[in-house]
Amino acid sequence: MPFPSIKPTVPALVRSAAARFGDKPFLIADGDTLSYLDLDLRSTQLALSLLAHGIDMVDHVGILMPNSTDWALAWFATTRIGAVAVPLNTFYKAQELGWTTRHADLKAILAWSAFRSHDFLDRLEEALPGLAEQRRPGQLLLRSAPFLRSIVIWGPSDRDWSTRLSDEDTAPALDTNFLTAVEAGVTPADDVTVIYTSGSTGDPKAPVHSHGALVRHTYNLTFLYKVTTDDVMFTAMPFFWVGGLITGLHAVIHHGATLVTQPAFDAAEALTLMEKYRATIALGWPQQGKTLAEHPDFATRDLSSVQRTSMPAMVPPDRRPQGPNSLGMTELCGNHVGVDPYVWQPAERSETGGWSIEGLHHQLVEPETQTPVAVDTTGEIWVRGYSLMQRLYKREREHVFTPDGYYRTGDCGIRSADGWITFTGRLGDLIKTGGGTNVTPSEVELALADCDGVLEAYVVGAKDGDHGTVVAAAVVPRGKAALDGETLRAAVRERLSAYKVPKHIEIRSKDQLPFTATGKVKKTELADRLTARLSAGQR
């Protein structure tokens with residue numbers, strides 16, 4: 001199994017990368033370039049400032065910023081002193097931000113004052129009742145967030161509660177030798193981050209990962225994705241999610257590659273950046289690839305440097321992935337099932353799936369009896385191994401893991417005799433229709449997504465009077481495509497069995513659909529909406 005030769009902690013990783021790669025660009029974001037040496041020096045200064053402001057090992061520190069060199073410096077400064085970084089979603093509404101601040105027991109928040117239409121100063125005051133009346137920065141006392149002491153602001157701020165950092169903040173005794181002593185106390189077993197991830201229902205989950213898991217797994221995965229020192233990777237995937245953090249920021253640092261990013265996805269700028277910096281790897285969601293390919297500038301941009309991508313629509317067929325998508329989740333610090341997507345696989349293995357990532361072990365289990373299923377039989381995917389989270393924050397271990405250490409992922413799959421695992425859908429998503437058949441939503445979603453003019457599709461089970469549960473869908477058009485439900489139903493009927501064809505298809509723009517703060521569709525709410533439509537006779 002490929003593991004790094006260094007001590008698997010963030011401080012060792014930063015120092016090693018600076019020594020090996022020096023002035024080579026590490027991160028390019030919004031016009032700023034951060035070299036590997038800059039990363040070490042500037043995160044050192046910020047780390048010393050955090051220590052001077054009372055941030056110590058195991059303290060929880062929130063990061064509320066878009067993708068930027070500031071975000072990277074905040075992350076590495078926090079984690080190299082042994083504090084626990086908690087990425088905060090910049091799309092959080094006030095209620096979500098307040099809930100996360102309390103649940104994560106944040107001692108400090110490092111935040112931009114604003115970003116585009118987001119006024120984080122106002123949002124923080126709305127999220128944390130009583131904050132606006134605080135007058136002693138660094139000594140906050142809030143019943144709404146009792147452990148929070150500091151909110152450090154980058155950018156203009158007129159709020160009495162905000163803390164500003166400067167070089168003068170560091171006490172004389174806090175020098176680089178002191179930081180070296182602090183870093184020596186950070187071990188692979190120590191917590192490094194709590195990353196919040198929301199499901200379709202209930203409160204967000206908060207997986208806790210260790211330094212050892214983060215550093216080892218991000219290194220291991222780069223051999224699946226083939227990241228090398230000569231690569232320039234582009235991604236607009238947010239650093240506050242696993243996609244941007246694990247497969248972006250923490251992938252390039254192991255090999256001295258360069259990461260080019262955006263504060264938020266913008267197709268025109270993305271095309272410009274990939275052409276300008278000759279990106280060799282482009283990571284993003286498939287829908288972003290479609291948006292890029294449909295942009296007016298696309299035809300005039302030279303993207304011939306891109307050799308690997310997760311956005312197939314943006315490259316010619318000969319440079320598109322030939323194999324399946326990997327299966328990952330925040331609880332596993334990224335992918336836990338997968339193969340090199342550029343290695344051809346037979347048709348039956350062309351969807352999400354692959355082998356167990358080395359170092360991880362999977363069982364497929366009948367959910368109700370909790371007994372292993374036979375080969376080629378659908379079961380819930382259980383997993384354990386080195387990259388599995390240490391725990392869910394504020395959840396007792398026996399409520400999270402099985403007695404023998406497996407985590408019940410809630411994903412379903414089929415394992416072949418040779419060990420290949422094919423993802424078939426979420427356990428709770430399986431639609432049991434009134435006609436007695438079982439339908440996997442992901443299969444119908446893929447069929448709809450293949451139809452002309454479809455950008456995204458979401459399939460749920462909705463109630464339809466005496467017919468019981470039926471298959472229903474919400475479809476987002478691509479660009480200005482004119483879609484209608486009956487035409488889509490006819491197209492799906494050519495691809496799937498009749499019982500899988502949605503009885504009702506609703507055409508909606510994406511902003512008309514219910515999503516969580518982490519970008520997952522709220523399927524329960526969507527099912528309720530479609531049920532209401534059917535009840536009202538709108539088909």
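Look up: the structure comes first, before these words.
Given the structure is predicted, the values throughout are model-derived calculations rather than measurements. (Residues numbered from 1 in each chain as written. Predicted model: local features only at pLDDT ≥ 70, side-chain atom pairs only at ≥ 80, totals over all residues. Heavy atoms only, no water.)

K.L.:
How would you summarise the overall build of the chain if you had to cite specific residues and measurements?
P.N.:
Secondary structure summary: the chain contains 13 helices and 28 strands in total. Its C-alpha atoms give the chain a radius of gyration of 24 Å, within 12% of the compact-globule value 24 Å for 539 residues. Based on the C-alpha atoms only, the size of the chain along its principal axes is roughly 75 × 55 × 50 Å. Buried residues in the chain amount to 55% of all 539 residues. For the chain, the proportion of contacts with a sequence separation of at least 24, taken over those separated by at least 6, is 68%. About 22,600 Å² of surface is accessible on the chain, with carbon and sulfur atoms providing 51% of the total. Here the chain contributes 53 positively and 63 negatively charged side chains, and the mean placements of these two sets differ by 2 Å. (Helix = DSSP H or I, 4+ residues; strand = E, 2+ residues; numbered from the N terminus. Rg over C-alpha atoms; globule rule 2.2 N^0.38 Å. Buried < 20%, exposed > 50% of the residue type's maximum accessible area, 1.4 Å probe, protein only. Contact = heavy atoms within 4.5 Å. Areas by Shrake-Rupley, 256 points an atom, 1.4 Å probe, with all protein chains shown as cover. Lys, Arg positive; Asp, Glu negative; His and termini not counted. Charge placed at Lys NZ, Arg CZ, Asp CG, Glu CD.)

K.L.:
Can you explain the pairing of strand β12 (residues 258–261)? Please cite residues and give values.
P.N.:
Every second residue of β12 is oriented toward a common face, with Thr258 and Val260 on one face and Leu259 and Thr261 on the other, all of them buried. Bridge count between strand β1 (residues 25–29) and β12: three bridges; the pairing is parallel. Within β12, the position partnered with Ala29 by the bridge is Thr261. Inspection of the sheet shows strand β11 (residues 232–235) paired to β12 by four bridges, in the parallel sense. Counterpart to Phe234 in the pairing with β12 is Val260. Crossover connection from β11 via helix α8 (residues 242–252) to parallel β12: handedness right-handed. (Pairing = 2+ DSSP bridges. Right-handed = clockwise from strand over helix to strand, strands pointing away.)

K.L.:
Break down the sheet that holds strand β17 (residues 353–356) for me, citing the residues and quoting the values.
P.N.:
Strands belonging to one sheet form pairs held by backbone hydrogen bonds; the direction of such a pair is parallel or antiparallel. Pairing in this open sheet of eight strands is antiparallel, and the strands run β15-β16-β17-β23-β22-β20-β18-β19 from one edge to the other. The open sheet has two edge strands with one neighbour each: β15 (327–329) and β19 (371–372). Strand direction decides the pairing type here: strand β20 (residues 378–385) and strand β22 (residues 407–415), joined by five bridges, are antiparallel. Counted as the bridge partner of Val383 is Tyr407 from β22.

K.L.:
An account of empty space enclosed by the protein is needed here, citing residue identities and associated values.
P.N.:
Over the atoms rolls a probe the size of a water molecule, and its path tells where empty space is left. Applying the stated criterion to the full structure yields one cavity of 30 Å³ or more. Of the pockets and cavities examined, the largest cavity occupies roughly 40 Å³. Lining the largest cavity are Leu50, His53, Ile55, Ala108, Ser150, Val152 and Thr163. Along the lines of polarity and charge, the residues of the lining of the largest cavity split into four nonpolar, three polar and no charged. (1 Å grid on protein atoms, 1.4 Å probe; cavity = no way out; pocket = protein on both sides within 12 Å on 5 of 7 lines; lining within 4 Å. Points joined across faces, edges and corners; volume = space filled by probe spheres on them. Nonpolar A, V, L, I, M, F, W, Y, C, P; charged D, E, K, R; others polar.)

K.L.:
Talk me through the layout of surface pockets; I want residue IDs and the actual numbers.
P.N.:
If you add up the space inside the second largest pocket, you get close to 370 Å³. Lining the second largest pocket are 18 residues, with Thr378, Cys412, Leu427, Leu430 and Lys432 sitting closest to its centre. Of all the secondary-structure elements, those providing two or more residues to the lining of the second largest pocket are β20, β22 and β23 (421–426). Its residues assigned to classes, the lining of the second largest pocket comprises six nonpolar, six polar and six charged.

K.L.:
Give me the lowdown on the environment of Gly243, citing residues and values where you can.
P.N.:
Positionally, Gly243 belongs in helix α8. In this structure, the C-alpha to C-alpha distance between Gly243 and Met329, residues 86 residues apart in sequence, is 9.4 Å. Excluding its chain neighbours within four sequence positions, the residues that come into contact with Gly243 are Met237 and Gly248.

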